[in-house]
Every structure is written in C-alpha cells, then in structure tokens.
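# Residue-level structure breakdown
For reference, the chains in residue letters:
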Amino acid sequence: DTEVTQTPKHLVMGMTNKKSLKCEQHMGHRAMYWYKQKAKKPPELMFVYSYEKLSINESVPSRFSPECPNSSLLNLHLHALQPEDSALYLCASSQEMVGASGNTIYFGEGSWLTVV
Amino acid sequence: AQKVTQAQTEISVVEKEDVTLDCVYETRDTTYYLFWYKQPPSGELVFLIRRNSFDEQNEISGRYSWNFQKSTSSFNFTITASQVVDSAVYFCALRGDRGSTLGRLYFGRGTQLTVWP
C-alpha cells in the first residue's frame, strides 16, 4: 500500500468552481511533488516543494496554486480550470530533493480530475 | 540533456511467457539514477527499482530482473513467467543530481504490457 495518500480519488468540477486536491505523507520526507498525467502519456512535473518551500514551478498556469502547510501536507488549489486540465494528478514525495539518499520518489494513487 | 527512450509502445504476451521491456537513456551527468515504475489501470505509480549510475550490478527480485549496462546506456527489465496481474504500463525514468536536472524525474513514454490468460 502506498504511504502517500491523496484525496479525493475522483473530482468533477465546473469551470467556475474552486476545489482543492490534498496529499499527505508520513514517511518524514522533506520533498513533495505534484505531477500531471494525461491519458497514454508519462507524468509531467508541475511543482516541487523542498522543506516546505517552493523550489520548482514548471511554468504552470496560475489557475493551479500549490500550498505546503507543513512537511506532511501538500495541497493543489484549483480555480477557473479548463476542460483540457482534465487529467490524473499525482502527488509524490522523497526523503529530500537532492542527494543519493533522497532519490527515490514515491507516488500516491492519484486524483482523477474531470473539468466540465 | 536528459532523455529516456522506451521504443516498445505496446507488448502482448501469453501467461507464463518471459518478456523484456527495453529502456535506453541519455545523460551528461556522471552521477544519475534510473528507475522503473509500474502503473496499473488504477493510476498509482508503483516504484519497482532504483539503480545508481555507479552500481552496475544486475538485480533479481522474484520474477523480476533488471539488466543495467552503462556501455550501451540501457536499463532493461525482464519479467519471467508473466502473469495477468503484470498487465500495466511500465515507465523507465532517469533522475540527475545537479544543475537544471535537480529534482526532476525524466520519464520514458511508457510500455503498455498486456498479459493474456
């Protein structure tokens, strides 16, 4: 069983809605990630937090807003999304962002998002 | 530049057959890490193995084995006596540890493996 927990598993939202995806890990990891995955494609990196600070933003549109309230939690706030944003959103964590000890990234089960 | 190539888009086998998934990578880093992940239809990416660039030992775990060859920049994955539960998309991935590659996991496009009963 994965130790990275994501909620909700499925989310349907309208283009004017505001919703959030949540992610939690209790492995003591200090790096957390959001990935987006479209059908039949590999995951694409969106954001990386290291020690609760945003380290990487892969030029993601501002309608996606990440938040890291503490070292165990990662949120992705969604607002004014487009139908093309429909995808699987994967949260992940690793011990640290750099260094040999931190290089295995563990993924959650993902949140399936549909924008209507 | 970091790049991972999985030339096989789809593979179909019958149960109990052996199957090898190919992975070729490109990197200029001297230290790097290679991974295999399994993604069943449920969506979760399941970590299978990590291999460090300085460790070329091959590895076997049950029916799974991995062949890492730096000379050919390949990290191939073999499933012996395949089972229906092995049906999934398998991703090979590369992670560097410096500069612009820091924190980034570079995925191949994935290989859809279907095992028929």
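Our subject is the structure listed above.
Residues numbered from 1 in each chain as written. Chains lettered and ligands numbered in written order. Predicted model: local features only at pLDDT ≥ 70, side-chain atom pairs only at ≥ 80, totals over all residues. Heavy atoms only, no water.

## Some details on the sheet that holds strand 1 (residues 4-7) of chain A
Residue and element names in this part refer to chain A. Stated formally: Pairing between strands requires that DSSP locate at least two bridges from one strand to the other. Counting from the N terminus, the helices are DSSP H or I runs at least four residues long and the strands are E runs at least two residues long. Axis definition: a line fitted to C-alpha atoms, limited for helices to the stretch in contact. Angles are taken between N-to-C directions and run from 0 to 180 degrees.
If you walk across this open sheet you meet the 4 strands as 1-3-8-7, and the pairing is antiparallel. If you trace the sheet from one side to the other, it starts and ends with strand 1 and strand 7 (64-70), each paired once. The sheet shows a mean angle of 20° between the axes of neighbouring strands, direction not considered. Pairing of strand 3 (residues 18-25) with strand 8 (residues 73-79) involves 7 bridges; the strand directions are antiparallel. Opposite S20, over in strand 8, you have H77 as the bridge partner.

## Quick look at the nonpolar core
Rules: Definition used in this section: a nonpolar core is a set of buried Ala, Val, Leu, Ile, Met, Phe, Trp, Tyr and Cys residues joined via side-chain atoms within 4.5 Å. Relative accessible area decides the class of each residue, using a 1.4 Å probe on protein chains only: under 20% of the type maximum gives buried, over 50% gives exposed, and in between gives partly exposed. Residues are treated as being in contact if the distance between any of their heavy atoms lies within 4.5 Å.
In terms of nonpolar packing, the biggest core is built from 23 residues, with B:W36, B:F77, B:Y90 and B:L113 touching the most fellow members. When residues of this core are traced back to their parent elements, those giving at least two are strand 2 (10-14), strand 3 (19-21), strand 5 (33-39), strand 8 (64-69), strand 9 (74-79), strand 10 (88-95) and strand 12 (111-116) of chain B. Here this core takes 4 residues from strand 10 of chain B, the largest share from any one element. Excluding its chain neighbours within four sequence positions, the residues that come into contact with B:F77 are B:V19, B:T20, B:L21, B:W36, B:L48, B:Y64, B:S65, B:W66 and B:Y90. One finds A:M13, A:W34, A:L113 and A:V115 within the second-largest nonpolar core, a separate group that totals 22 residues.

## Observations concerning the layout of surface pockets
Quick reminder of the rule: The distinction between a cavity and a pocket rests on a 1 Å grid over the protein atoms alone: a 1.4 Å probe fits inside a cavity but cannot get out, while a pocket stays open yet meets protein on both sides within 12 Å along at least five of seven lines, and a residue with an atom within 4 Å of a point counts as lining. Grid points are joined across faces, edges and corners, and a volume is the space filled by probe spheres set on the points. In the scheme used here, Gly and all other residues not listed as nonpolar or charged are polar, with Ala, Val, Leu, Ile, Met, Phe, Trp, Tyr, Cys and Pro taken as nonpolar and Asp, Glu, Lys and Arg as charged.
The calculated volume of the largest pocket comes to roughly 520 Å³. Of all the secondary structure elements, the ones that give two or more residues to the lining of the largest pocket are strand 9 (87-94) of chain A together with strand 10 and strand 12 of chain B. Per-element accounting of the lining of the largest pocket gives the leading share, 3 residues, to strand 10 of chain B. Among the residues forming the lining of the largest pocket, the class breakdown is 9 nonpolar, 9 polar and 5 charged.

## Some remarks on the interface of chain A and chain B
Selection rule: Buried surface area refers to the total accessible area, computed with a probe of radius 1.4 Å, that the two partners give up upon joining, counted for both partners together. Basic side-chain nitrogens of Lys or Arg form a salt bridge, by our definition, when they fall within 4 Å of a carboxyl oxygen of Asp or Glu. In the analysis that follows, any N or O atom pair within 3.5 Å is treated as a polar contact, provided that within protein one partner can donate a hydrogen and the other can accept it, and provided that, for residues neighboring in sequence, both atoms belong to side chains.
The interface of chain A with chain B comprises 30 residues on the first partner and 22 residues on the second. Summing both partners gives a buried area of about 1,900 Å² for chain A against chain B, and 52% of it is carried by carbon and sulfur. Note that B:R104 is salt-bridged to A:E58, the shortest N-O span being 2.9 Å. Linking chain A to chain B there are 7 residue pairs in polar contact (both at pLDDT 80 or more). Listing elements by their share of the side of chain A that touches chain B, those giving two or more residues are strand 4 (31-37), strand 5 (44-50), strand 9 and strand 10 (106-107) of chain A. Grouping the constituent residues of the side of chain A that touches chain B by class yields 16 nonpolar, 9 polar and 5 charged.

These figures come from the coordinates and say nothing about function on their own.
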